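Residues per chain, in single letters:
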Amino acid sequence: MRSVAIDGPAGAGKSTLAKQAAKALGFLYVDTGAIYRTVALKAVRAGADPVDPAQVVPLLENLDLRMDYGPDGEQRMFLEGEDVSSAIREHKISGLASKVSAIPEVRAFLLDFQRKLAREHDVLMDGRDIGTVVLPHADVKVFLTAAPEARARRRLRDLELRGQQADYDTVLRDIIARDEQDRNRPIAPLRQAEDAVLLDTTNLDLAASLEALLAIIKEKIDL
Ligand code: DC
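Residues numbered from 1 in each chain as written. Predicted model: local features only at pLDDT ≥ 70, side-chain atom pairs only at ≥ 80, totals over all residues. Heavy atoms only, no water.

**Student:** I'd love a proper account of the site of the ligand, names of residues and values included.
**Tutor:** Near the ligand, the surroundings consist of 15 residues, among which Arg37, Arg107, Arg178, Asp182 and Arg185 are the closest. At a separation of 2.7 Å, an oxygen atom of the ligand approaches a polar side-chain atom of Arg178. Interatomic distance of 2.8 Å between a side-chain N/O atom of Arg185 and an oxygen atom of the ligand. For the shell around the ligand, the secondary-structure elements that each account for two or more residues are α2 (32-45), α4 (91-100) and α8 (168-184). Among the elements that take part in the shell around the ligand, α2 stands out by supplying four residues, more than any other. Here the residues of the shell around the ligand are counted per class, giving three nonpolar, five polar and seven charged. (Near = heavy atom within 4 Å. Polar contact = N/O pair within 3.5 Å; in protein donor to acceptor, adjacent residues only side chain to side chain. Helix = DSSP H or I, 4+ residues; strand = E, 2+ residues; numbered from the N terminus. Nonpolar A, V, L, I, M, F, W, Y, C, P; charged D, E, K, R; others polar.)

The following block contains the structure:
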């Protein structure tokens, strides 16, 4: 099986680009952030404080979390049988996902889940620690980034498209705070793997970013 690992901070365009690149390659696209978001949603619904391992870890034991792909090829997340793919995209879940993801037991629990997918399929996986921890032997590693202001503008547009209220300053502040949290946690922090190729999309539009991403991948994988 072949694997492509794409890591980077929030709002760098990872999911949009990774989804399109996976389609072009015929690989399974795995959005690992969605899995952390689903755990965060479970914590919220259970009334658990997402920063408190003593409250979150017991929830993992009987966690009924499932991932599937819809007829449109879109990844969907199910929690206790309910399709929560939209619910996990709410703005407040982003910060909470970052918080639960800092809990070592949560990361350990999801590690096998992610590695199993990569054993069974050609995957293009995006997240924060795919190239460094989840798939250290990935065929291609890309670290996708952009200036915080560019990421905030894109995130704002995404939220607006989903009909969610937000303002630029709040989105920018939340992005910077989440980067800090993801970069500075002791376990599996967000960082560029030594053998990852850096792709900065600050000044690239979607088409140019996709072209650059596919060029990096095709240089390393024979398709
Ligand atoms: O990619 P995203 O914004 O949907 O991810 C939500 C949070 O989940 C992110 O702030 C940190 C965490 N996450 C992680 O720790 N490791 C991953 N591989 C993916 C996401």
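From this point, the narrative continues.
**Student:** Hey, could you go over the nonpolar core for me, with residue numbers and the actual values?
**Tutor:** Counting residues in hydrophobic clusters, the biggest one holds 36 residues, and the most contacted among them are Val30, Val39, Met77, Val106, Val123, Met125 and Leu135. Element by element, the count of residues in this core is highest for α2, at seven residues. Those residues within four positions of Val39 in sequence are excluded, and the remaining contacts are Leu60, Leu63, Leu65, Val100, Val106 and Leu110. The next biggest cluster of nonpolar side chains, apart from the first, holds 20 residues, and it includes Ala18, Ala21, Ala22 and Leu144. (Core = buried A, V, L, I, M, F, W, Y, C linked by side-chain atoms within 4.5 Å. Buried < 20%, exposed > 50% of the residue type's maximum accessible area, 1.4 Å probe, protein only. Contact = heavy atoms within 4.5 Å.)

**Student:** Kindly report on the sheet that holds strand β6 (residues 123-127), identifying the contributing residues and their values.
**Tutor:** Taken together, the five strands give an open sheet; going across it, the order is β2-β6-β1-β7-β8, and neighbouring strands pair in parallel fashion. Looking at which strands have only one partner, the edges of the open sheet turn out to be β2 (28-31) and β8 (197-200). Geometrically, the sheet is characterised by an average inter-axis angle of 20 degrees between neighbouring strands, direction not taken into account. Of the pairings in the sheet, the one linking β2 to β6 comprises four bridges and is parallel in character. Bridge assignment links Asp31 to a residue of β6, and that residue is Asp126. Together, β2 and β6 form the strand contacts of α2, whose direction differs from that of β2 by roughly 40 degrees. In this fold helix α9 (residues 206-220) packs onto β1 (3-7), β6, β7 (140-145) and β8, with an angle of close to 170 degrees to the strand it touches most, β8. (Pairing = 2+ DSSP bridges. Axes fitted to C-alpha atoms, helices over the stretch in contact; angles between N-to-C directions.)

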